[in-house]
Amino acid sequence: MFIGNKWVDATSGRTIPCVNPANETEFDTVPAGGNEDVDAAVRAARAAFDGGWKRSDPARRAELLRNLARNIRESRERLGELETIDNGKPLAEALYDVDTAAQIFDMYADLTEQFGGWRGTELELPVDYLKTTVTYQPLGVVALITPWNFPIEQFTWKVAAAIAAGCACVVKPSEVTSLTALALAELVQNSGFPAGVLNVVTGYGREAGEALVHHPGVDKVSFTGSTATGRRIMSLAAATLKRVSLELGGKSPVIVFGDVKLDRAVEWVMFGAFVNQGQVCTSTSRLLLHESIAPLFLDKLKEGAQSIVVGDGRTAGVQMGPLASAEHYNKVTGYVAAGLNEGAELLTGGGRPKGLNNGYFLEPTIFTKVEPHMSIWRDEIFGPVLSVKTFTDEAEAIALANDTDYGLAATVLSEDVARAERVVDQIDAGITWQNCNQMVVMQAPWGGMKKSGFGRELGKWGLEAFLEVKQRTRWLPDGGLGWYRPAA
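Residues numbered from 1 in each chain as written. Predicted model: local features only at pLDDT ≥ 70, side-chain atom pairs only at ≥ 80, totals over all residues. Heavy atoms only, no water.

K.L.:
Lay out the sheet that holds strand E22 (residues 467-475) with the relevant residues and their values.
P.N.:
The sheet built from three strands is open, its strands ordered E5-E6-E22 with antiparallel pairing. Either end of the sheet is taken by a strand with one partner, and the two such strands are strand E5 (121-122) and E22. As paired elements, strand E6 (residues 130-138) and E22 share nine bridges and run antiparallel to each other. Within E22, the position partnered with Pro-138 by the bridge is Leu-467. (Pairing = 2+ DSSP bridges. Helix = DSSP H or I, 4+ residues; strand = E, 2+ residues; numbered from the N terminus.)

Next up, the structure:
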């Protein structure tokens, strides 16, 4: 693990196996950190923060962030390969994530230089004897708990914003995919950051994760993952009144109206359901399809899904890799069985692809004749499983889209721009797309409504999430009189 710019093993000496999900072989281990390791990391972060990092020049932070971006680009191939072996995603997607990470560190370098809150913004007041300025300062030591589906990207979203804000970080990556977090920590070490600004503790959520959330030296927890775990984090953080940001689950709809260009719409539906093996929080895994085009659309969708090349992510031409772990594979295939038991009809997929006898592989899977009470329609499956239901008119589509506990994302596909805008306005989701799908705009806010969490990442909203706002009011003795001003 990486604590105070030093590489250390877990105090307990225990380790966690790293398993390649494409062939089920153990190829490395990481330390299984616990309470003592977390405490050491938090103390290192606190020493860095109080020792001068919280008062560091934003221009200096920007310089360090750009150094890190450059080092990421120089390590592009190594990081991409490691991400694919550890997570399973196709190498092309892993390399895209590495490129995005470098861009995000550069973006936050620019934002920390441009942010006016460091100097303060003076308010216009209805009195002339007070001057009030609003300024921002770093929040403190932050715990950043990241998921296994986008290890490099999720590390970057949180770390780049927290460092730009002037916070000191303790990162706890998923025990399933910890290796690129450690590789990025090495690049942080080589980029000139002071000791303790970034620390990485690997370990299980119930041990290292909960120790971080409990720790009195942590000022904020930023978590991305399941809604169930987010609920647990909120309850634990309440004991010390920590600030919490949660980016949680989703069961997002894609609404396809009858006027779409069919081939293009089919591509967007497949991308929304099957990219990253469907292991995407914003995955549009509920297809709401206008009944007028349903037969032809489903024929094309079935053909398209069956043409997706599934295999080891390091193999050229592979478009979809394995699920990330044995535990998750069992969960997703359990939902496939549940869908059949509940009466849904399997249009395609549902089993292991031919020729792939090892690894956690699942065919792109599509269910039709799905009803709103079914678990495959209501629960976040987090795998390549798409559920389809038809609708007759706009009002029905909106009602079905909003009939969910979640509110993370939604997609509307229609050639009628006014209708797409009208529908998007009525859907309860924090992220919406029109005539596209799964487009991450790093300058825009990212987060959900309802049980999909609260708080926002990316853009200036990501920076502000790690800042405290402060009022500074000063008496101006030469100003006009207030009713409470002492008489001369």
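K.L.:
How would you explain helix H14 (residues 417-425) if you had to name every residue and give the values?
P.N.:
The set of residues buried in H14 consists of Arg-419, Ala-420, Val-423 and Val-424. Considered in projection along H14, the buried side chains sweep an arc of 130 degrees and stay on one side of the axis. Facing away from the buried side of H14 by more than 90 degrees, the exposed set consists of Val-417 and Asp-425. The inward-facing, buried residues of H14 contact strand E12 (253-256), helix H13 (394-402), strand E18 (409-413) and strand E19 (431-434). Where H14 begins, the side chain of Asp-416 points an oxygen toward the backbone nitrogen of Ala-418, at a separation of 3.2 Å. (Buried < 20%, exposed > 50% of the residue type's maximum accessible area, 1.4 Å probe, protein only. Arc of directions from axis to C-beta. Contact = heavy atoms within 4.5 Å. Polar contact = N/O pair within 3.5 Å; in protein donor to acceptor, adjacent residues only side chain to side chain.)

K.L.:
I'd like to hear about the pattern of salt bridges, residue by residue, with values.
P.N.:
The final tally for this structure, using the stated rule, is 26 salt bridges. In this structure, Lys-54 engages Asp-50 in a salt bridge whose closest nitrogen and oxygen atoms are separated by 3.7 Å. Judged by its relative accessible area of 32%, Lys-54 falls in the partly exposed class. Residue Asp-99 pairs with Arg-76 through a salt bridge whose shortest N-O separation is 2.7 Å. Pair noted here: Asp-99 is in helix H4 (residues 91-114) and Arg-76 is in helix H3 (residues 76-87), with a separation of 23 residues, a long-range link. Through salt bridges that share partners, Arg-46, Asp-50, Lys-54 and Asp-219 make up one connected network. (Salt bridge = Lys/Arg side-chain N within 4 Å of Asp/Glu carboxyl O.)

K.L.:
Before we move on, could you go through the nonpolar core and cite the residues and values that matter?
P.N.:
Ranked by size, the top nonpolar core spans 69 residues in total, and within it Ile-72, Tyr-108, Phe-193, Leu-198, Val-200 and Phe-466 carry the most contacts. The leading source of residues in this core is helix H5 (residues 151-165), at ten residues. (Core = buried A, V, L, I, M, F, W, Y, C linked by side-chain atoms within 4.5 Å.)

K.L.:
An account of the layout of surface pockets is requested, with residue identities and associated values reported.
P.N.:
Remark: the empty space left among the atoms is shown by a probe the size of a water molecule rolled over them. Put simply, the second largest pocket is a space of about 290 Å³. For the second largest pocket, the full set of lining residues is Glu-93, Glu-267, Trp-268, Met-270, Phe-271, Phe-274, Val-275, Gly-304, Ser-307, Ile-308, Gln-319 and Met-320. Counting residues per element, the ones that place at least two in the lining of the second largest pocket are helix H9 (262-274) and helix H10 (294-307). Considering every element that reaches the lining of the second largest pocket, the biggest residue donor is H9, with five residues. When grouped by side-chain class, the residues that make up the lining of the second largest pocket number seven nonpolar, three polar and two charged. (1 Å grid on protein atoms, 1.4 Å probe; cavity = no way out; pocket = protein on both sides within 12 Å on 5 of 7 lines; lining within 4 Å. Points joined across faces, edges and corners; volume = space filled by probe spheres on them. Nonpolar A, V, L, I, M, F, W, Y, C, P; charged D, E, K, R; others polar.)

K.L.:
Tell me about empty space enclosed by the protein, residues and numbers included.
P.N.:
In this structure the tally under the stated criterion is four cavities of 30 Å³ or more. In this structure, the largest cavity spans a volume of roughly 100 Å³. Counting residues per element, the ones that place at least two in the lining of the largest cavity are H5, strand E10 (220-224) and strand E11 (243-247). For the lining of the largest cavity, the residue count by class is nine nonpolar, four polar and five charged.

K.L.:
Provide a residue-level description of the packing of helix H2 (residues 58-74) against helix H6 (residues 179-189), including the pertinent values.
P.N.:
Packed helix pairs are specified by the crossing angle of their axes together with the interaxial distance, meaning the distance between the axes. The interhelical angle for the contact between H2 and H6, taken along N-to-C directions, is 125 degrees, at an axis separation of 9 Å. Looking at the two axes, H2 sits oblique to H6. Our pair here, H2 against H6, has a crossing hand that is right-handed. Here Leu-68, Asn-71 and Ile-72 of H2 lie close against H6, whose contacting residues are Leu-184, Leu-187 and Val-188. Classifying every residue of the contact of H2 with H6 gives five nonpolar, one polar and no charged. (Axes fitted to C-alpha atoms, helices over the stretch in contact; angles between N-to-C directions. Parallel < 35°, antiparallel > 145°, perpendicular 65-115°, else oblique. Left-handed = near helix turned anticlockwise from the far one by under 90°.)

K.L.:
Give me the lowdown on the side chain of Ser-222, citing residues and values where you can.
P.N.:
Along the polypeptide, Ser-222 turns up in strand E10. Using a relative accessible area of 4% as the deciding quantity, one classes Ser-222 as buried. A distance of 2.9 Å separates the side chain of Ser-222 from the side chain of Lys-158, its partner in a polar contact. Ignoring any residue separated from it by four or fewer positions in sequence, one finds Ser-222 in contact with Ala-143, Leu-144, Ile-145, Lys-158, Ser-245, Glu-457 and Phe-466.

K.L.:
Which residues make up the state of the cysteines, and what are the values?
P.N.:
If you walk through the whole model with that rule in mind, you get zero disulfides. Looking at the unpaired Cys-281, the closest cysteine sulfur is the one in Cys-436, lying at 16 Å. (Disulfide = S-S within 2.5 Å.)

K.L.:
Tell me about H6, residues and numbers included.
P.N.:
Buried residues dominate H6, accounting for nine of its eleven residues. Three or more residues of H6 are buried, namely Leu-179, Thr-180, Ala-181, Leu-182, Ala-183, Leu-184, Ala-185, Leu-187 and Val-188.

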